[in-house]
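What the coordinates show
So you can see what is in the structure, the chains are spelled out below.
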Amino acid sequence: GRQLFTEPLDDYWEANPVFRIGREFTREFDVSLNWRLIGRWFDERAPLDAEGYALPGTLRFTQNELELRPRVRWGTNRLWSVALRLGALENQDNGGGYFDYQRYAIGGQLRGGFGRWTFRAGTQWFYYDYPVQRVAGPESALRDKSNLSILLRGEFRLGRKVSVFAQYDRESARDALADAGYDVNMGTVGIEWNQ
């Protein structure tokens, strides 16, 4: 894929093949294991040394992600489900490791409905550990951060292809870097048409 941005962000190319194996143990229970290899090549952004100073060349990231997803379904037509997500990702740069990190993830989602109504509620938590990047200079603590997101969605089907929905999203980020944390709340109401 190709990502195009406006200044000051840099454009990049990305490739991310996914390898997935899964097993349906019963009609109600299945598990999948996913491995994703992600390569990202920036057009002009420079790699950095361990202290954050520019190095010659252009920045490249290599990411390895492993994810386990068990899911349980029940009810008429297995309309209700609970899914769990457990994962780990490692990011490595081609410089001095300034952008290197390990990310750990846990999340879950409940889906279901009755009649023309469907509902979805989910949460996801990520923890990032930076082994090289420091908060404020060579003698300061190593950087870490965490993100928590919550999603609530209700949908009412008006016909075979048209539905109305309301959705609430919340994301909270805590970061050891000063002024890098944030809280975002977003509400969305809309009409969806599916072919």
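Above this text you will find the structure in question.
Anyway, here's the lowdown on the structure attached to this text. (Residues numbered from 1 in each chain as written. Predicted model: local features only at pLDDT ≥ 70, side-chain atom pairs only at ≥ 80, totals over all residues. Heavy atoms only, no water.)

Here's the deal with the overall build of the chain
- A tally of regular secondary structure across the chain gives zero helices and eleven strands.
- Each helix and strand of the chain, ordered N terminal to C terminal, gives the series β-β-β-β-β-β-β-β-β-β-β.
- In terms of C-alpha radius of gyration, the chain reaches 21 Å, well past the compact-globule figure of 16 Å for 195 residues.
- Projected onto the principal axes, the alpha-carbon positions of the chain cover approximately 60 × 35 × 30 Å.
- In the chain, which comprises 195 residues, the share counted as buried stands at 30%.
- Pairs at least 24 apart in sequence give 48% of the contacts found in the chain among residues at least 6 apart. (Helix = DSSP H or I, 4+ residues; strand = E, 2+ residues; numbered from the N terminus. Rg over C-alpha atoms; globule rule 2.2 N^0.38 Å. Buried < 20%, exposed > 50% of the residue type's maximum accessible area, 1.4 Å probe, protein only. Contact = heavy atoms within 4.5 Å.)

Digging into the environment of F42
- Checked against the element boundaries, F42 lands in strand β4 (residues 29-42).
- Note on F42: relative accessible area 8%, which makes it buried.
- Once the C-alpha coordinates of F42 and G112 are considered, the two residues, 70 residues apart in sequence, prove to be 41 Å apart.
- In this view, F42 contacts D10, D11, Y12, T58, L59 and F61; residues no more than four positions away in its chain are not counted.

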